[in-house]
Amino acid sequence: MTDTAEQDEKRSTYERRLAALRVARRVLWRPGFEATIRERLDWLMRTAPQVHDLDERVDMYGGGRIVAALEERVADLLGTGAAAFFPTGTMAQQVALRCWAARTGSPTVALHPLSHPEVHERNALSQVSGLRPVRVTNEPRLPTAAEIRDFDEPFGALMLELPLRDAGYLLPTWEELTEVVEAARARDAVVHFDGARLWESTVHFGRPLDEIAGLADTVYVSLYKSLGGFGGAALAGPDSLIEEARTWRHRYGGTIFQQFPTALAALAGLETELPRLPDYVRHARVVAAALREGFAAAGLPWARVHPEVPHTHEFRVWLPFAPDVLAEAAVRQAEETSVGLFARSWDRGGPNLSFTEVTVGAAGLEWTADDVRAAVADFVARLPAL
């Protein structure tokens, strides 16, 4: 098959998947970004009056009350001195680490090779901001305190992605996290949390958001990844650094003319989704256990749910088939039964080995363990014999 034919086939499968999942009676997650414009605007207009006065004037270049209200809300939730709204997390983190580099005198940032800047940002830290990333460990987990202590070159900042998405949404234990932070501080380094999905970490850590964020010098959080907003991010930390970050935000082109739709959607997400995230995390553990049981009962010789007990409401499933085989089985199941067990794409992890990400949201709370096991049995029946 030519590259063009393969791309056309993937595109066709993607369109079929979206169409089937839109009308499926049962899914584990209905992401807002796959809804129509009308549906998204309807959601915002239903929730917006609960979170802000809609008779206020709109903002201009972030100068309206609504942006300030969002920043105050985030700072309050994370227990920091201040917070600044950014259009993207990529920009927010570059600004944070650039500001710290000026203060520490070191452009070197220690991070994990699977962290977002290394995998998804086209080397923006070095190419745009003049920073020098160094990789602390190649293990598919967060670095340990020993690895931080023993790292063989100096660095000014340690960036920790919590959870580490591309390793399976992994989090360390609370004790491991505090030891890593202490090890970095012992080296006179500042600590920055890439907390794009920090909101859902409270169940695993058994700590409130402000206590988790309080370990770091600065924290970035996404305003859409788990909250269902339209986009945007926030950088939270000490007043003086956040004030400096606002200056760099302007220099990076982040002071957008009007931001009220994104800010309003973020406030709505904080009001409606944030309180439900612990329920999603707890139910993800039920779903993960039922998936493991279902694959075992179906007799698959090798299947993995990683981590076995999810750290957040998202985790990975690994199966011994090529991505196109699994994608076709998942789409056919949704089309023919109106049950979408696997709603996301499958990626190659090795020869005849693939993985997908599973997210449990509001729709997933309706699934019992028996529902999951039955869906697994139906899905496996659509796979070729090994």
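Please refer to the structure placed before this passage.
Residues numbered from 1 in each chain as written. Predicted model: local features only at pLDDT ≥ 70, side-chain atom pairs only at ≥ 80, totals over all residues. Heavy atoms only, no water.

Participant: Which residues make up the overall build of the protein, and what are the values?
Facilitator: Looking only at helices and strands, the protein has 15 helices and 13 strands in total. On C-alpha atoms alone, the protein measures out to a radius of gyration of 22 Å, which is about the 21 Å that the 2.2 N^0.38 rule sets for 386 residues. With respect to the principal axes defined by its C-alpha atoms, the protein has extents near 60 × 55 × 45 Å. By the burial criterion, 53% of the 386 residues in the protein qualify as buried. Nonlocal contacts in the protein, meaning residues at least 24 apart in sequence, comprise 74% of its contacts between residues at least 6 apart. Looking at the protein as shown, the accessible area adds up to about 17,100 Å², and 50% of this sits on carbon and sulfur atoms. When the 41 positive and 53 negative side-chain charges of the protein are each reduced to one mean point, those points stand 3 Å apart. (Helix = DSSP H or I, 4+ residues; strand = E, 2+ residues; numbered from the N terminus. Rg over C-alpha atoms; globule rule 2.2 N^0.38 Å. Buried < 20%, exposed > 50% of the residue type's maximum accessible area, 1.4 Å probe, protein only. Contact = heavy atoms within 4.5 Å. Areas by Shrake-Rupley, 256 points an atom, 1.4 Å probe, with all protein chains shown as cover. Lys, Arg positive; Asp, Glu negative; His and termini not counted. Charge placed at Lys NZ, Arg CZ, Asp CG, Glu CD.)

Participant: I'd like a rundown of the sheet that holds strand E7 (residues 218-222), residues and numbers included.
Facilitator: Read from one edge to the other, the open sheet built from seven strands follows the order E2-E8-E7-E6-E5-E3-E4, with strand pairing classed as mixed. Because the sheet does not close on itself, it has two edges, and the strands there are strand E2 (82-86) and strand E4 (132-135). Strand-to-strand, the axes of this sheet are offset by a mean angle of 25°, without reference to chain direction. In this structure, E2 lies alongside strand E8 (residues 233-237), joined through five bridges in antiparallel fashion. Across the sheet, residue Ala-83 finds its bridge partner in E8, namely Ala-236. Helix-sheet contacts for helix H4 (residues 89-104) involve E2, strand E3 (108-111), strand E5 (157-161), strand E6 (190-195), E7 and E8, and the interaxial angle to E6 is about 180°. (Pairing = 2+ DSSP bridges. Axes fitted to C-alpha atoms, helices over the stretch in contact; angles between N-to-C directions.)

Participant: Describe the pattern of salt bridges, naming the residues involved and giving the relevant values.
Facilitator: The full count for this structure, using the stated rule, is 26 salt bridges. Here Arg-249 and Glu-71 are joined by a salt bridge, their closest N and O atoms 3.6 Å apart. Of this pair, Arg-249 sits in helix H11 (residues 239-251) while Glu-71 sits in helix H3 (residues 65-78); the two residues are 178 residues apart in sequence, bridging distant segments of the chain. On the accessibility criterion, Arg-249 (12% relative accessible area) is buried. (Salt bridge = Lys/Arg side-chain N within 4 Å of Asp/Glu carboxyl O.)

Participant: Kindly report on the packing of aromatic side chains, identifying the contributing residues and their values.
Facilitator: Taken as a whole and assessed by the stated rule, the structure comprises ten aromatic pairs. Geometrically, the ring pair formed by Trp-29 and Phe-33 is edge-to-face, given 5.8 Å between the ring centres and 70° between the ring planes. Using a relative accessible area of 63% as the deciding quantity, one classes Phe-33 as exposed. Taking 5.2 Å as the distance between ring centres and 75° as the angle between the ring planes, the aromatic pair formed by Phe-342 and Trp-346 counts as edge-to-face. Like Trp-346, Phe-342 is buried. Joined through ring pairs, the aromatic side chains of Phe-342, Trp-346 and Phe-379 make up one cluster. One Lys or Arg, Arg-249, reaches over the ring of Phe-86 and ends 5.8 Å from the middle of that ring. (Phe/Tyr/Trp six-rings, centres within 6.5 Å; stacked < 30°, edge-to-face > 60°. Lys NZ or Arg CZ within 6 Å of the ring centre and 35° of its normal.)

This is a description of form; function is not addressed.
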